[in-house]
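Observations on the three-dimensional arrangement
In case you want the letters, here they are:
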Amino acid sequence: MSTAERIAAGLCDLGLRESADKADRLAAYLELIAKWHRVANLTAVPDPGEAVALHLMDSLSVYPFVTGDRILDVGSGAGLPGIPLALLMPDKDFILLDSNGKKTRFMTQAAIELQLENVTVIQQRVEDCTAMFDQVISRAFASLEDFLRLCLPRLSPGGSLLAMKGPSEKEQVENLEQGSLYSLSVPGLDRERYLIVIPCEACP
């Protein structure tokens, strides 16, 4: 089975059968990661075959929770989850933020080659960002506390934070006054994945 076929099958498993025609472009994105990885050190798993589940399906598992029109992907790195989501959601604007110049150059080139007109790449620390967004998402923040502190002020009224976490971090939500924990089902991934959703009203 080719990478594109595996992606199409995964999209169907996620309930995104109508997006299966995007499988070739998603496969091309994984090939770009593999090509650039040698000079940009984009991800710990650059192999396209392994990356289907670990990167693409994991990123797209949050699809039902991405409801805003303007979404900030903080610490986007190789463009995850922002680029896969932008491919499937052309009606939403994704701003990919990272302080690493090599990674932002890769994301810029990927957006050009994939013809993603709804993606903006910014090289900046989140501490220096002053814009407002409907939602802020990240797979890369190690500390939920830091994610809350730095990103809640970036939310527009009615907005929400989306923090993607592994099993070791799911109990962090118990310390929040407001927030919801969701279990994510990731096709091909034999490990627990969670999403913590924190509304704007959780701002101190």
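Here's what I pulled together on the structure shown here. (Residues numbered from 1 in each chain as written. Predicted model: local features only at pLDDT ≥ 70, side-chain atom pairs only at ≥ 80, totals over all residues. Heavy atoms only, no water.)

What the protein contains, in helices and strands, is six helices and seven strands. When its helices and strands are written in sequence order, the protein yields α-α-α-β-α-β-α-β-β-α-β-β-β. Burial status across the protein gives 52% buried among its 204 residues. Counted over contacts in the protein with a minimum sequence separation of 6, partners at least 24 positions apart contribute 65%. Carbon and sulfur atoms make up 45% of the accessible area of the protein, which totals about 9700 Å². (Helix = DSSP H or I, 4+ residues; strand = E, 2+ residues; numbered from the N terminus. Buried < 20%, exposed > 50% of the residue type's maximum accessible area, 1.4 Å probe, protein only. Contact = heavy atoms within 4.5 Å. Areas by Shrake-Rupley, 256 points an atom, 1.4 Å probe, with all protein chains shown as cover.)

With that out of the way, let us pick up the sheet that holds strand β6 (residues 180-184). As summarised here, the arrangement of the seven strands in space is β3-β2-β1-β4-β5-β7-β6, forming an open sheet in which the pairing is mixed. Every other strand in the sheet has two partners, leaving β3 (119-123) and β6 as the edge strands with one partner each. Taking the axes of each pair of neighbouring strands and ignoring which way they run, one obtains an average angle of 20 degrees across the sheet. Taken strand by strand, helix α5 (residues 101-113) contacts β2 (93-98) and β3, and its axis lies near 165 degrees from that of β3. Running at roughly 160 degrees to strand β5 (residues 155-165), helix α6 (residues 144-151) makes contact with β1 (70-74), β4 (133-138), β5 and β7 (193-199) of the sheet. (Pairing = 2+ DSSP bridges. Axes fitted to C-alpha atoms, helices over the stretch in contact; angles between N-to-C directions.)

With that settled, consider α5. In this model α5 runs 18 Å from its N-terminal to its C-terminal C-alpha over 13 residues, within 8% of the 18 Å that 1.5 Å per residue would give. The distance from a side-chain oxygen at the start of α5 to the backbone nitrogen of Lys102 is 2.9 Å, and the residue carrying that oxygen is Asn100. The first or second residue beyond α5 is Gln115, which carries a positive phi of 55 degrees. (Expected span 1.5 Å × (residues − 1). Polar contact = N/O pair within 3.5 Å; in protein donor to acceptor, adjacent residues only side chain to side chain.)

Summarising the element assignment, Glu5 is placed in helix α1 (residues 3-13). Glu5 sits in the partly exposed class, given a relative accessible area of 46%. Considered as a pair, Glu5 and Ala20 are 15 residues apart in the sequence and their alpha carbons are 9.0 Å apart. Within the structure, Glu5 has its side chain in polar contact with the backbone nitrogen of Ser2 (distance 2.9 Å).

Moving on to unusual backbone geometry. Here the residue pair Leu80 and Pro81 is connected by a cis peptide bond, since its omega of 10 degrees sits within 30 degrees of zero. Positioned with a positive phi, Gln115 is a non-glycine residue whose angle comes to about 55 degrees. Among the secondary structure elements, Gln115 is positioned in the loop between α5 and β3. We classify Gln115 as exposed; its relative accessible area is 64%.

Let us look at the side chain of Lys22. Within the secondary structure, Lys22 is located in the loop between α1 and α2 (23-40). For Lys22, a relative accessible area of 18% corresponds to the buried category. Residues in contact with Lys22, not counting those within four places in the same chain, are Leu87 and Leu88.

Our focus in this paragraph is the nonpolar core. Ile7, Tyr29 and Phe94 are the most contacted members of the largest nonpolar core, which has 47 residues in total. Elements with a contribution of two residues or more to this core: α1, α2, α3 (48-60), α4 (82-88), β2, α5, β5 and β7. When near neighbours in sequence (up to four residues on either side) are disregarded, Tyr29 contacts Leu56, Ala78, Gly79, Leu80, Ile83, Pro84, Phe106, Ala110 and Leu114. Formed by 21 residues, the second largest nonpolar core is a distinct cluster that contains Phe133, Leu150, Leu152 and Ile196. (Core = buried A, V, L, I, M, F, W, Y, C linked by side-chain atoms within 4.5 Å.)

Among all positions of α1, only Ala4, Ile7, Ala8, Gly10 and Leu11 are buried. Each buried residue of α1 lies within a common arc of 160 degrees when the element is viewed along its axis, so the set occupies one face. One or two steps after α1, the chain reaches Gly15, where phi turns positive at roughly 80 degrees. (Arc of directions from axis to C-beta.)

Nothing here speaks to function; it is all geometry.
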